[in-house]
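As a plain string of letters, each chain reads:
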Amino acid sequence: MDYDIPLFALNYGPEEEEAALAAIRSRWLSTGPRTAELEKTFAAMLGSPYALAVSNCTAALHIAMMVLGIGPGDEVIVPSLTFVATANCVRYVGATPVFGDVISSSNLNIDPRHIETLITPRTKAVIVMHYGGFPCDMDTISEIAKKHNLAVVEDACHAPLSEHAGRKLGTLGDMGCFSFFSNKNISTGEGGIMVFNKQEHYDRARLLRSHGMTTLSYDRAKGHAVSYDVVALGHNYRMDDLRSALALVQLTKLPADLENRAVLRATYLDQLRDVEEIIIPFAGHDGFVSNYIFPILVRDSARRDSIRDGIHSRRIQTSVHYPAVHRFSIHREPPAILPNTELATDSEITLPMFGSMTTEQVGRVCEALKQSLCTQEK
Ligand SMILES: Cc1ncc(COP(=O)(O)O)c(C=O)c1O
């Protein structure tokens, strides 16, 4: 169906076209100066000492597991209410993901109290995912991690420039992983970036990004290096300069994009606050966030799908974030008991949210939701 109001719309214009053309005309398409500039710019925006651009966030998460030396026999605690990549990366290195529940219907982030009950002598790390860009309880999670000597990796795909206590998400744990997938706040089609607090992690990740080779082709082509050794079993997880050029333009647009999203969220909250049939997660949160998505939960989860159908029939697109990972065939065993996650995954509806959306469009979405709540079969 062609929707009048899509879930997401690309914030692209002539600026991205010109940047791509300039990259093409530079005659250097793979990892090169634009990627280096992207890393420098992103690190500065986050206040992080090190950033490394990669081919996508799945690669970033995989690199994070390798950098931490996680392997067979190890366990990593992950949320289930996330995109499957957050858990798959643990399996890539032969370790076991152990699923943690979310806090409640009004806070869809992983519950630190549940994390603590899942820790065993085999636990090596926790991966948190800042749902919608809203910060996990990083103070408590960091304390638990310190007490049990666990690494913390932030899947910050939803959270570029989101803050917790004045610090940017992604910089609070050992490593932060971001995605530039088409529908993210920063869109380049495919792409991603990692940030690090420790130089040794950054250096290792840089090696693993490119086959464990000690130099990049760009350095060799420019005469900065003549040869290379291979000192680790790495991958080809490099970002290319064409996409880095797009990301650099997207970064210039990000602050204004997020400002508009904050206005849209305030409008949603205003118009939906008194709708008794729904819960709006994070409604009371007042810190600066990316507002990657606008999620609601339908109190009567049995009605969720018909309410979505009602909204779609009014030519407005919705989604579900997410089908719970612990229910997927490959992650079903051993069974995890996650009552809050199960309730959330069965009752969540994601309403449209994007930087160029208008408050009038938010009004139309709210009207469509209210009509669907009134008219759909119970
Ligand atoms: C929470 C989360 N984690 C990981 C990923 C994987 O990112 P990518 O598509 O860049 O590999 C995504 C992207 O869809 C995501 O939303």
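Rules used in this analysis
- Residues numbered from 1 in each chain as written.
- Predicted model: local features only at pLDDT ≥ 70, side-chain atom pairs only at ≥ 80, totals over all residues.
- Core = buried A, V, L, I, M, F, W, Y, C linked by C-beta atoms within 7 Å.
- Buried ≥ 20, exposed ≤ 12 C-beta atoms within 10 Å, placed from the backbone.
- Helix = DSSP H or I, 4+ residues; strand = E, 2+ residues; numbered from the N terminus.
- Contact = placed C-beta atoms within 7 Å.
- Near = placed C-beta within 6 Å.
- Nonpolar A, V, L, I, M, F, W, Y, C, P; charged D, E, K, R; others polar.
- Arc of directions from axis to C-beta.
- Axes fitted to C-alpha atoms, helices over the stretch in contact; angles between N-to-C directions.
- Parallel < 35°, antiparallel > 145°, perpendicular 65-115°, else oblique.
- Left-handed = near helix turned anticlockwise from the far one by under 90°.
- Pairing = 2+ DSSP bridges.
- Right-handed = clockwise from strand over helix to strand, strands pointing away.
- Domains from an automatic or database assignment.

Trainee: For this particular structure, what's the right way to read the nonpolar core?
Mentor: Soluble globular proteins tend to pack their nonpolar side chains together in the buried interior. Counting residues in hydrophobic clusters, the biggest one holds 107 residues, and the most contacted among them are V54, I63, A64, A125, V126, C177 and M194. Examining the composition of this core, we find that nine residues originate from one element, helix α3 (residues 57-67), more than from any other. A125 has contacts with L68, I70, V76, L150, A151, V152 and V153, leaving out every residue within four places of it along the chain.

Trainee: Is there a simple way to explain the site of the ligand in this structure?
Mentor: In the vicinity of the ligand lie 14 residues, with N56, C57, T58, F83 and S179 positioned nearest. Classifying every residue of the shell around the ligand gives six nonpolar, seven polar and one charged.

Trainee: Explain helix α6 (residues 138-148) to me, please; I cannot follow it from the model alone.
Mentor: Side chains of residues three or four places apart in an α-helix project in the same direction, reflecting 3.6 residues per turn. Along α6, the positions that sit buried rather than exposed are M138, I141 and A145. In a view along the axis of α6, the buried residues occupy a sector of 65°, so they form one face of it. Opposite its buried face, α6 presents the exposed residues K146 and K147, each directed more than 90 degrees away. Close packing links the buried residues of α6 with α5 (112-118), β6 (123-129), β7 (151-155) and β8 (163-164). Positive phi shows up at N149, right after α6, with a value of about 55°.

Trainee: Is there a simple way to think about the packing of helix α1 (residues 14-25) against helix α9 (residues 241-272) in this case?
Mentor: What describes two packed helices is the angle between their axes and the distance between those same axes. For the pair α1 and α9, interaxial distance at closest approach is 8 Å and the crossing angle is 150°. Judged on the interaxial angle alone, α9 and α1 are roughly antiparallel. Crossing angle aside, the handedness with which α1 passes α9 is right-handed. Only D241, L242, A245, L246, L248 and V249 of α9 make contact with α1, whose side of the interface consists of E15, E16, A19, A20, A22, A23 and I24. For the contact of α1 with α9, the residue count by class is ten nonpolar, no polar and three charged.

Trainee: What should I look at first to understand the pairing of β6 in this one?
Mentor: Within a regular beta strand, the side chains point alternately toward one face of the sheet and then the other, so they alternate between its two faces. Across the seven residues that make up β6, a large majority, seven, are buried. As paired strands, strand β2 (residues 75-79) and β6 are joined by three bridges and run parallel to one another. Residue V76 lies in a different strand from β6, and its bridge partner there is A125. Two strands pair when backbone bridges link them, and β6 and β7 are joined in this way by five bridges, in the parallel orientation. Along β7, the bridge assignment pairs I127 with V153. Once you follow β6 into α6 and on to β7, the crossover reads as right-handed.

Trainee: What am I meant to see in the pairing of strand β13 (residues 294-298) here?
Mentor: Among the five residues that make up β13, five are buried, leaving the element largely enclosed by the rest of the structure. Burial along β13 is two-sided: F294, I296 and V298 facing one way and P295 and L297 facing the other are all buried. Bridge count for strand β12 (residues 278-279) against β13 is two bridges, and the pairing is antiparallel. Among the inter-strand pairings, I278 is bridged to a residue of β13, identified as V298.

Trainee: Where do I start with the environment of A87 in this structure?
Mentor: Summarising the element assignment, A87 is placed in helix α4 (residues 85-92). Residue classification places A87 among the buried positions, given that 25 C-beta atoms sit within 10 Å. Spatially, the C-alpha atoms of A87 and R206 are 22 Å apart, while their sequence positions differ by 119 residues. With near-sequence residues (within four places) excluded, A87 lies in contact with V78, P97, V325 and H331.

Trainee: Looking at this model, I keep getting lost on the environment of G191. Mind explaining?
Mentor: By the secondary structure assignment, G191 is in the loop between β10 (175-179) and β11 (192-196). Sequence-wise, G191 and F180 are eleven residues apart; in three dimensions their C-alpha atoms are separated by 4.7 Å. Apart from residues lying up to four places away in sequence, G191 is in contact with S55, N56, F180, M239, R243 and A247.

Trainee: Would you mind showing me how to read the domain arrangement of the protein chain here?
Mentor: Much of the literature gives interface size as the accessible area that the parts lose upon coming together. When its domains are assigned, the protein chain resolves into domain 1 (14-250) and domain 2 (254-375). A C-alpha centroid distance of 26 Å is found between domain 1 and domain 2. On the domain 2 side, the residues contacting the 30 residues of domain 1 number 31 residues. When residues of the side of domain 1 that touches domain 2 are traced back to their parent elements, those giving at least two are β3 (96-100), β4 (102-104), β5 (107-110) and β8. The element best represented in the side of domain 1 that touches domain 2 is β4, accounting for three residues. Residue classes in the side of domain 1 that touches domain 2 are distributed as 15 nonpolar, 13 polar and two charged.

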